[in-house]
Amino acid sequence: MVATSCAHKELVSCVGWITADEVYSCSEDHQILKWNLLTNETSVVVKLQEDIYPIDLHWFPKTVAGKKQALAEIFALTSTDGKFHLLSKTGRIEKSVEAHRGAVLASRWNYDGTALITAGEDGQIKIWSKSGMLRSTLAQQGSPVYSVAWGPDSDRILYTFGRQLVIKPLQPSSKSLQWKAHDGIILKVDWNSVNDLILSGGEDCKYKVWDSYGRPLYSSSPHDYPITSVAWAPDGEVFAMGSFNTLRLCDKTGWSYALEKPNTGSVFSLAWSADGTQLAGACGNGQVIFAHIVEQRWEWKNFEITLTKRRTMQVRNVLNDAVDTLEFRDRVIKASLSHGHLVVATALQCLVYSTKNWNTPLIFDLKEGTVSLILQAERHFLLVDGGGIYVYSYEGRLVSAPKFPGMRTDILNAQTVSLSNDTIAVRDKTDEKVVYLFDAQTGKPIGDGKPLTHKMEVMEIALDQCGASKDRKIALIDKNNDLYLTSVRRLGREQSMHKIGSMVHTMAWNDSANILCGIQDNQFTVWYYPSAVFVDKDLLPNTLFTKDASEFSSAPHILNYTGTQVTVRRADGSLVYSGVPPYPTMLHEYTGSARWEEALHLCRFAKDQALWACLAGMAMANRELNTAETAYAAIREVDKVQYIKFIKDLPSKESSLAHILLFSGQVQEAEATLLQAGLIYQAIQIHIDLFNWDRALELAVKHKTHVDTVLAHRQKFLQDFGKEETNKRFLQYSEGVEVDWEKIQSKIEMELAKERERAANSSVRSSVASHR
Amino acid sequence: MAKDPLADAGLHFDELNKLRVLDPDVSQKTTELKEECKDFVDKIGQFQKIVGGLIEMVDELAKEAEKEKMKAIGARNLLKSVAKQREAQQQQLQALIAEKRMQLERYRIEYEALSKVEAEQNEFIDQFMLQK
């Protein structure tokens, strides 16, 4: 929806938002006008001198490092006479600086407001302090620089050089990146701080999207006229592009949501309001065009919600075609529909609707206007605004507000924040390898307070949604597109990151069971039971469900995974749905409530190898040996069935526990369990069985028992392989010890008898579950 | 008739026997002339007025003609540009159509995917019923 108003007599060159509803525009008729969108009033702020022809305008940033400043009162205005001016809100010129020869074509403040960059017709790029003192000349080239943009951390700049784009770091020693981007002169660029993507538009009538390494992500088909303006929405989800009589709204992946053909001439400059709902454009025929986003759509189960007007939503229940209309006092900024609740953030309030009742929302006021992200979990939801991260319950109570040093909330998006019923995960921006984990109830860091650190930069994180909080898992995709799974609460143990997939570009957890789906290379993959890696690594490949992903074409993105349905957004913007068999969800439900018989029944019914593999993993994780035995037998893992049988025959609780741990490859834990129970021989035997000779000898020597056992086994091993003893410690101990197999055998018998006796005593006192 | 001495002296009597310096005939003729002159002046004035009005009217007509002429030229030019305008309009509409077509294509793909899901689910239900 677009509304235009005409007020300037000449071409309008630039626009800029000062508050959510006020816009300043500058024109070649030397006037600066202020537009108030609430009252629809237009007033002249100031009439500039006759010789100032404004070109570009940029307001001083409002938030600096999370703190709100006393409202930004100045803006930079560049003009054709080679000067830039710092103007106050009232239009008074505070300072004029002679900056370039020829016109100053662009100026931009960096994100913390400490520096201003200007680019001129003379091909120079200069950095100025906040007060307008020259700091340095960053670049010099032979052709005019039409547009310039700051990188997300304000440590790099992007500028145009004819048909090429250049990224130049501020540090003089680092190398700059330069690539040919368009077939015509590039007129406008923009760089988003949230998604780190670059947008460019040029005289070849195309607009393109790049990543920050200069790799092309999208290139539009040629338009009829040059692209005169491009602008990212602050949240990086959409961008706007302007051309002659053209205004287009596009997704960050490039496909277009909407096209408008207003009669405005060329749109020379575009600016989004801070909340990303409104757009102002400076038009060639003296008009200023205002646009706002409508027809946004949310779907969840049987509900379909459309934002029909700025303040009106329509809720449609697909099952009975019932239609409800929701009216709001102010503009809707963000909304989210999931887990049976609709959360709407307007300019001043937050409204929570239950899908059962659309009449009486729960309303509370927001501290700061612009909510940039809403995430929902079953029990609560999370709001991100300029000031912080807040967790609210669906009753509207503030649950917690986690914080970490150096937190910048303005750049968080759904890929870098994840919420579950008990945990919040946030990826750090300054060090992208670090993921902060918080308890959702208290807002305090989990465990010892040390964040999770991965060896690579993390691109996307997701917490699983179901199950007990001690089993909470986090899945993450790193820069190499490898998918890792790790446990959130790791109880003093060294964290173990398990790689469960590679070439994964996008993933999502199921909302009702801990099932993960992702697109792996050109396969759509569902991890029925990702936690299998913690139990039995070999099992994981058997628990996968794969499907050809060619129907999703290239670069798809998984939007959600609800029930048995996965929703995927293709690169061309179309939504594609895909079904997943319902059995794994049921299996999760049965095993979650320890209904093993029913689980077995289900597997027998479904006759699916992957399902059996899942059951095997789940049973082992819950130490349900009988079920595990059946399940392993069903997937023909004879060795494992044997081992489970062996575990079942073990005399004591401790050693069977130790062997279950051993089964999952947790040798240290198994040893610790046995030693704690005083079963030293068994601990030594574990290491002997694993050919872990040094540790076995160490234990034997330390506890002064079974040294001869270790030596005897070692000798036998060496003999079998026809090798000589080379280990110095074994040589040393074998000198003083005589190996007598009979004696050793009897000693072992004694140990086993002792253990049996002990177990018999203890099983009288407490019936051991694993010995049923 | 004997000459009137008075007439010689330039004196005359009129009908009312009043003494006059001018011959009554002449006097009468003079008066007539005066009247006639006055008439003439009046007529000339009237004529002038009429001619003035006429000129004005002609001028106005000229102006009007000029205006119409300009109008005609403008209309002719406009007519010429309509073709161009149409083209531009067509271009705009074409762009909008392309946009809608893309949206339609997206909806088509979405519909196909949903139909596939429906078929899968139906198949599943059938299988389920069969096995039960």
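Residue indices follow the written sequence of each chain, beginning from 1 at its first position. Chain letters and ligand numbers both follow the written order, the letters beginning at A and the numbers at 1. Only residues with pLDDT of at least 70 are given local features in this predicted model, and only at 80 or more are side-chain atom pairs given and counted; all residues enter the totals for whole chains, interfaces and linings. Water and hydrogen atoms were dropped before computing side-chain values, which therefore reflect all heavy atoms in the structure.

Scanning chain B from terminus to terminus reveals 2 helices and 2 strands. Think of it this way: any DSSP run of H or I at least four residues long counts as a helix, any run of E at least two long counts as a strand, and we number them from the N terminus. Going residue by residue from the N terminus, the α and β elements of chain B occur as α-β-β-α. Just to be clear, the radius of gyration here is over C-alpha atoms, and the globule rule we use is 2.2 Å times residues to the power 0.38. Over its C-alpha atoms chain B spans a radius of gyration of 52 Å, topping by over 25% the 14 Å that the globule rule assigns to 132 residues. Along the first, second and third principal axes, the C-alpha atoms of chain B reach 170 × 30 × 15 Å. The rule is simple: take the accessible area with a 1.4 Å probe, protein chains only, and divide by the maximum for that residue type; under 20% is buried, over 50% is exposed, in between is partly exposed. In chain B, buried positions account for 7% of the 132 residues. Roughly 12100 Å² of accessible area belongs to chain B as shown, and the carbon and sulfur atoms make up 61% of that amount. In this charge count, Lys and Arg are treated as positive and Asp and Glu as negative; neither His nor the chain ends contribute. Positions of charges follow a simple convention, taking NZ of Lys, CZ of Arg, CG of Asp or CD of Glu. Side-chain charges in chain B split into 22 positive and 26 negative, and the spacing between the mean points of these groups amounts to 6 Å. Each accessible area is a Shrake-Rupley estimate made with a 1.4 Å probe; only the visible protein chains count as cover when residues are assessed.

Scanning chain A for helices and strands turns up 13 helices and 57 strands. For the C-alpha atoms alone, the extent of chain A along its principal axes is close to 110 × 65 × 45 Å. Scored against the burial criterion, the 772 residues of chain A give a buried share of 56%. Put simply, 42% of the contacts in chain A that link residues at least 6 apart link residues at least 24 apart. Accessible surface, chain A: about 33600 Å² in total, of which carbon and sulfur atoms supply 49%. Separation of charge centres in chain A, based on 84 positive and 90 negative side chains, amounts to 2 Å. Only heavy atoms matter for contacts: two residues are in contact if any of them lie within 4.5 Å across the pair.

Turning next to the interface of chain B and chain A. Listed per partner, the contact involves 19 residues of chain B and 27 residues of chain A. Reported buried area values correspond to the accessible surface (1.4 Å probe) lost by two parts on association, with both partners' losses combined. Both faces combined, the contact of chain B with chain A buries some 1900 Å², and carbon together with sulfur accounts for 54% of it. On the chain B side of the interface with chain A, the three residues burying the most area are Gln92, Glu99 and Arg106 of chain B, jointly 26% of the side's total. Here, a salt bridge means any Lys or Arg side-chain nitrogen found within 4 Å of an Asp or Glu carboxyl oxygen. Linking chain B with chain A are 3 salt bridges. Glu120 of chain B is the partner of Lys547 of chain A in a salt bridge, and the nearest nitrogen-oxygen pair spans 3.9 Å. Charged means Asp, Glu, Lys or Arg here, nonpolar means Ala, Val, Leu, Ile, Met, Phe, Trp, Tyr, Cys or Pro, and polar covers whatever is left, Gly included. Residues belonging to the side of chain B that touches chain A are distributed by class as follows: 9 nonpolar, 5 polar and 5 charged.

A few words now on the packing of helix 4 (residues 609-621) of chain A against helix 5 (residues 625-634) of chain A. All names here are of chain A. Convention adopted: a line fitted to C-alpha atoms gives each axis, helices being fitted over their contacting stretch, and angles between N-to-C directions are expressed from 0 to 180 degrees. Interhelical geometry of helix 4 versus helix 5 gives an angle of 150° and a closest axis separation of 8 Å. Taken as axis vectors, helix 4 and helix 5 run roughly antiparallel relative to one another. The way helix 4 lies across helix 5 gives a crossing that is left-handed. Here Gln609, Trp612, Leu615, Ala616, Ala619 and Met620 of helix 4 lie close against helix 5, whose contacting residues are Leu625, Thr627, Ala628, Thr630, Ala631, Tyr632 and Ala634. Grouping the constituent residues of the contact of helix 4 with helix 5 by class yields 10 nonpolar, 3 polar and no charged. If an angle is under 35 degrees, it is roughly parallel; if it is over 145, roughly antiparallel; if it lies from 65 to 115, roughly perpendicular; otherwise it is oblique. Crossing handedness is read from the near helix: turned anticlockwise from the far helix by less than a right angle, it gives a left-handed crossing, and turned clockwise, a right-handed one.

The UniProt entry lists residues 79-117 of chain B under the feature "coiled-coil region" (unreviewed entry), expressed in the numbering used here. Within residues 79-117 of chain B, the helical portion is 100% and the strand portion 0%, while the C-alpha atoms at the span's ends are 56 Å from each other. UniProt positions are given in the numbering used here, feature names are shortened, and annotations may be inferred rather than shown by experiment.

All names here are of chain A. Grid points spaced at 1 Å and placed over the protein atoms alone form the basis of the search, with a cavity being a set where a 1.4 Å probe fits but cannot get out and a pocket an open set showing protein on both sides within 12 Å along at least five of seven lines. Lining residues have an atom within 4 Å of a point. Grid points are joined across faces, edges and corners, and a volume is the space filled by probe spheres set on the points. The tally for this structure, following the rule as stated, stands at 3 cavities of 30 Å³ or more. In this structure, the largest cavity spans a volume of roughly 50 Å³. Taken together, Leu366, Lys367, Glu368, Val371, Leu383, Asp385, Tyr390 and Tyr392 form the lining of the largest cavity. For the lining of the largest cavity, the elements supplying multiple residues, two or more each, are strand 40 (380-385) and strand 41 (389-393). Its residues placed into classes, the lining of the largest cavity shows 5 nonpolar, no polar and 3 charged.

This brings us to the sheet that holds strand 36 (residues 341-346) of chain A. Residue and element names in this part refer to chain A. DSSP calls a pair of strands paired once it identifies at least 2 bridges connecting them. Pairing is antiparallel in the open sheet, where 4 strands are placed in the order 35-36-37-38. Each edge of the open sheet carries a strand with a single partner, namely strand 35 (332-338) and strand 38 (357-365). Pairwise comparison of adjacent strand axes, ignoring direction, gives a mean angle of 20° for this sheet.

Before going further, it helps to examine the state of the cysteines. Residues and elements named next belong to chain A. The term disulfide is used for any two cysteine sulfur atoms that are within 2.5 Å. All chains considered together, the criterion is met by 0 disulfides over all chains. Summary of cysteine pairing: Cys603 is not part of a disulfide, and the nearest cysteine sulfur, belonging to Cys614, is at 7.9 Å. The buried category is assigned to Cys603, whose relative accessible area is 0%. Using a relative accessible area of 1% as the deciding quantity, one classes Cys614 as buried.

Moving on, we get to the pairing of strand 57 (residues 575-579) of chain A. Residue and element names in this part refer to chain A. Burial runs high along strand 57: 5 of the 5 residues are buried. Residues Leu575, Tyr577 and Gly579 of strand 57 are buried on one face, and the alternating residues Val576 and Ser578, pointing to the opposite face, are buried as well. Looking at chain direction, strand 56 (residues 565-569) and strand 57 are connected through 5 bridges and run antiparallel. Residue pairing across strands places Thr567 opposite Tyr577, the latter belonging to strand 57.

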